Amino acid sequence: MVQATFTISGEEFTEEVFKKIKNYLRGQSASVTIRIETIPSEAMLTESGSNYFLQLDQSLAELDRGEGLPFSKEEFEALAKK
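Being a predicted model, the structure only gives us computed values, none of them experimental.

Counting secondary structure elements, the protein contains three helices and zero strands. In the protein, buried positions account for 1% of the 82 residues. Surface accessibility of the protein: about 8000 Å² in total, with carbon and sulfur atoms responsible for 55%.

So, in C-alpha cells, the structure goes:
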C-alpha cells in the first residue's frame, strides 16, 4: 500500500492543486482523506482557553464517528467568509 501526504497552506490549496491530485489518482483504486487544520491565533488561545480545545476535541471525535458533513469547495468558502 502506498500512501502520500500533501501539506500545503490554505492559500496554496487551489482548484489547480485539487485537479493535479485528482489526475494523479485517475485509474487507481484509492481512498482520499482531506484533513483541514487551522492554526489558532493568539487571540483564540487567550480568549477561549481550554474551552476552545474542548470544542475542537469534540468536533474531531464527531468526524471520527462519521458525523461529518460533506460540502463543496464553494460551500466551504462561503461559510469561511461568515
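Summary statistics for the protein give a mean pLDDT of 80 and a share of 85% for residues scoring 70 or more. Here helix H2 (residues 42–64) stands out as the element of the protein with the lowest mean pLDDT, 74, in contrast to helix H1 (residues 15–25), whose mean of 87 is the highest.

This brings us to a nonpolar patch on the surface. Residues Ile 8, Phe 13, Phe 18, Val 32, Ile 34, Ile 36, Phe 71 and Phe 76 make up a contiguous nonpolar surface patch of about 760 Å² in total accessible area. Looking at the element boundaries, Ile 34 is found in the loop between H1 and H2. A residue is classified by how much of its surface remains accessible, and Ile 34, at 55% relative accessible area, is exposed.

Before going further, it helps to spend a moment on the layout of surface pockets. In this structure, the largest pocket spans a volume of roughly 2900 Å³. What lines the largest pocket is a set of 50 residues, and nearest its centre among them are Thr 33, Ile 34, Arg 35, Ile 36 and Glu 37. Looking at the lining of the largest pocket, the elements that each hand over two or more residues are H1, H2 and helix H3 (73–80). With eight residues, the top contributor of residues to the lining of the largest pocket is H2. Of the residues belonging to the lining of the largest pocket, the class tally is 28 nonpolar, 14 polar and eight charged.

What follows is about the environment of Glu 67. Summarising the element assignment, Glu 67 is placed in the loop between H2 and H3. A distance of 3.1 Å separates a polar atom in the side chain of Glu 67 from a polar atom in the side chain of Arg 65.

Our next topic: the packing of aromatic side chains. The full count for this structure, using the stated rule, is one aromatic pair. Taken together, a centroid distance of 6.4 Å and an interplanar angle of 90° make the contact between Phe 13 and Phe 18 edge-to-face. Look at Phe 13 and you get partly exposed, because its relative accessible area is 34%.

Moving on, we come to the pattern of salt bridges. Opposite charge on two side chains lets them pair, provided their charged atoms get close. Going through the model one piece at a time under the given rule, you end up with five salt bridges. Put simply, Glu 15 and Lys 19 hold a salt bridge, and the shortest N to O gap is 3.4 Å. Note that Glu 15 and Lys 19 are positioned in helix H1 at a spacing of four residues, about one turn of the helix. Here Lys 19 falls in the partly exposed class, since its relative accessible area comes to 46%. Note that Glu 77 and Lys 73 form a salt bridge whose closest N and O atoms lie 3.3 Å from each other. Taken together, the positions of Glu 77 and Lys 73, both in helix H3 and four residues apart, correspond to about one turn of that helix. On the basis of relative accessible area, Lys 73 is assigned to the partly exposed category, the value being 34%.

Conventions used here
Residues numbered from 1 in each chain as written. Predicted model: local features only at pLDDT ≥ 70, side-chain atom pairs only at ≥ 80, totals over all residues. Heavy atoms only, no water. Helix = DSSP H or I, 4+ residues; strand = E, 2+ residues; numbered from the N terminus. Buried < 20%, exposed > 50% of the residue type's maximum accessible area, 1.4 Å probe, protein only. Areas by Shrake-Rupley, 256 points an atom, 1.4 Å probe, with all protein chains shown as cover. pLDDT = per-residue confidence, 0-100. Patch = residues over 30% accessible without salt bridge, like charges linked within 9 Å, V, L, I, M, F, W, Y side chains within 5 Å. Salt bridge = Lys/Arg side-chain N within 4 Å of Asp/Glu carboxyl O. 1 Å grid on protein atoms, 1.4 Å probe; cavity = no way out; pocket = protein on both sides within 12 Å on 5 of 7 lines; lining within 4 Å. Points joined across faces, edges and corners; volume = space filled by probe spheres on them. Nonpolar A, V, L, I, M, F, W, Y, C, P; charged D, E, K, R; others polar. Polar contact = N/O pair within 3.5 Å; in protein donor to acceptor, adjacent residues only side chain to side chain. Phe/Tyr/Trp six-rings, centres within 6.5 Å; stacked < 30°, edge-to-face > 60°.

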